[in-house]
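Results of the structural survey
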Amino acid sequence: MSIRVMMVDDEPLIRKIVKMEMNERAAHIESGDLDATVLREVEMVETYGDGGELLAALENTPAPNYLIVDMEFHGEPTGGLYIARRIHERYPDVRIIIFSGRFDAPLPGEEGRLGRLHDVGRVVMEALRLGASAFVSKNATGGFSVENILRAIACLERGERFYFNYPVMLTLKEAAERYFDIVAFHDPGFAVSDQERQLLLLEAAGCTASEISDRLDETDKAIQERQKNLSMRLGIVNKSASRVAKAFALGLISPSEVNFLPRS
């Protein structure tokens, strides 16, 4: 059974290119958890010029697994959020991918840059509240490519709750730093080993020290010593939540890398 994708964008050329490239690619993505994965082909079944066309079509055709929604419609900067809300209310199982050029790097001028950061933070939080699961920039590094969309779908199919591609993450990181005023303690020279990064990612995912020791093939005592040493270097209390929060703040790990444990 294929992974069915639909798209809503008011630019006919974008719709045509995305549908053609995705279907010509005939990409297969692993779906399911680690114990039971299957390869499913990604299929762009149809594209639409606005939300009304999409909703009318869904009355006579099955809802897709994923819906790609452009952020700006006919000059309305956040028109796509209205579509995302309506789809999420009527079809809560559809995973929504926000697709927009508004998440590009902030403008160079200080006033424009801070305005963009505020705008991005507000829009992303609103989109999350309305049911969005992923954010992909139209103008990603290296130019537009459906690979960015396929990567988002692949991450969500692995069980990750959210996905943000690289340009979006950079802007969100700076927006978060401004909001929480954490730039002051950012130390670009602070580094962790690959083993410590894995430890932090597993802690962020919700693993206990014992579970981490199993996955990293180390003793419980060795993991506890690593945690204690890392907390000392970070200058924080020896608690998992504090380590993860500081790691996010310093950019040592990012949310897109975390494979969160499912709720049991």
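In this numbering scheme, every chain counts its residues from 1 along its sequence in written order. For this predicted model, a pLDDT threshold of at least 70 governs which residues receive local features, and a threshold of 80 or more governs which side-chain atom pairs are given and counted, while totals over whole chains, interfaces and linings are taken from all residues. Based on all heavy atoms of the structure, the side-chain values leave hydrogens and waters out of the count.

A run of H or I in DSSP counts as a helix once it spans at least four residues, and a run of E counts as a strand once it spans at least two, with each numbered from the N terminus. Counting secondary structure elements, the protein contains 10 helices and 7 strands. Counting all 264 residues of the protein, 44% fall into the buried class. Exposure was quantified through the Shrake-Rupley algorithm and a 1.4 Å probe, taking into account, for residues, occlusion by the shown protein chains and nothing else. Taken as a whole, the protein presents about 14,000 Å² of accessible surface, with 52% of it coming from carbon and sulfur. Each residue is placed in one exposure class: buried if its accessible area under a 1.4 Å probe, protein chains only, is under 20% of its type's maximum, exposed if it is over 50%, and partly exposed if it falls in between.

This brings us to unusual backbone geometry. Even without being glycine, Ala-26 reaches a positive phi, approximately 50°. Take Ala-26: it is sitting in the loop between helix H1 (12-25) and strand E2 (28-31). For Asp-217, which is not a glycine, the phi torsion comes out positive at approximately 55°. Position of Asp-217 relative to the elements: it lies in the loop between helix H8 (209-216) and helix H9 (220-234). Among the residues examined, Asp-217 registers a relative accessible area of 70% and is labelled exposed.

The next subject is a negative patch on the surface. For patch building, the residue pool is restricted to those with more than 30% relative accessible area and no salt bridge; the joining distance is 9 Å between like charges and 5 Å between nonpolar side chains (Val, Leu, Ile, Met, Phe, Trp, Tyr). In the sections that follow, a salt bridge refers to a side-chain nitrogen of Lys or Arg positioned within 4 Å of a carboxyl oxygen of Asp or Glu. In summary, the charge assignment counts Lys and Arg as positive and Asp and Glu as negative, without counting His or the chain termini. We put the charge of a Lys on NZ, of an Arg on CZ, of an Asp on CG and of a Glu on CD. A cluster of acidic side chains, namely Glu-211, Asp-214, Asp-217 and Asp-220, defines a negative patch on the protein surface. As for its position among the elements, Glu-211 is in helix H8.

Moving on to the sheet that holds E2. Within a sheet, each strand pairs with its neighbour through backbone hydrogen bonds, oriented either parallel or antiparallel. Taken in spatial order, the 7 strands make up an open sheet running E2-E3-E1-E4-E5-E6-E7, and their pairing is mixed. Each edge of the open sheet is held by one strand with a lone partner, namely E2 and strand E7 (163-164). Direction of pairing for strand E6 (residues 132-137) relative to E7: parallel, over a ladder of 2 bridges. Residue pairing in the sheet places Phe-135 in a bridge with Phe-164 of E7. Most of the contacts of H1 go to strand E3 (residues 38-48), to which it runs at about 155°, and overall it touches strand E1 (3-8), E3, strand E4 (66-70) and strand E5 (95-100). A pair of strands is treated as paired once DSSP finds two or more bridges between them. By definition, residues are in contact when any of their heavy atoms lie within 4.5 Å. Here, axes are lines fitted to C-alpha atoms. For helices the fit covers the stretch in contact, and angles between N-to-C directions go from 0 to 180 degrees.

Checked against the element boundaries, Gly-32 lands in the loop between E2 and E3. Between the C-alpha atom of Gly-32 and that of Glu-157, which follows or precedes it by 125 residues, the distance is 6.4 Å. Not counting residues up to four positions away in its chain, the partners in contact with Gly-32 are Thr-37, Glu-157 and Arg-158.

This part covers the nonpolar core. If you look at the biggest cluster of nonpolar residues, it comprises 28 residues, and the most contacted ones within it are Leu-54, Leu-67, Ile-87, Ile-98 and Phe-135. Beyond its immediate stretch of four places on either side in the chain, Leu-67 contacts Met-6, Met-7, Val-8, Leu-54, Ile-87, Val-94, Arg-95, Ile-96 and Ile-97. The criterion is simple. A nonpolar core is a set of buried Ala, Val, Leu, Ile, Met, Phe, Trp, Tyr and Cys residues joined through side-chain atoms within 4.5 Å.

All of the buried residues along helix H10 (residues 240-250) are Arg-243, Val-244, Lys-246, Ala-247, Ala-249 and Leu-250. Two residues or fewer after H10 comes Gly-251, characterised by a positive phi angle close to 75°.

Let's shift gears to the pattern of salt bridges. Evaluated as defined, the whole model comprises 10 salt bridges. We note a salt bridge from Glu-157 to Arg-40, for which the minimum N-O separation is 3.6 Å. Residue Glu-157 is located in helix H5 (residues 146-157), and its partner Arg-40 is located in strand E3; the two are separated by 117 residues in the primary sequence. Of the residues examined, Glu-157 reaches a relative accessible area of 13% and is grouped as buried.

Moving on, we get to the confidence of the model for the protein. A low pLDDT score tells you not to read the predicted coordinates there in detail. Within the protein, residue pLDDT values average 82, and 81% of them lie at 70 or more. pLDDT expresses how confident the predictor is about each individual residue, on a scale running from 0 to 100. For the protein, the element scoring lowest by mean pLDDT is helix H6 (residues 166-180), at 66; E1 scores highest, at 96.

Take the number of residues in a helix, subtract one, and multiply by 1.5 Å to get its expected span. Taking 1.5 Å per residue as the helical rise, helix H3 (residues 79-90) with its 12 residues ought to reach 16 Å, and the 18 Å between its terminal C-alpha atoms agrees with that figure. Where H3 is concerned, the buried positions are Gly-79, Gly-80, Leu-81, Ile-83, Ala-84 and Ile-87.

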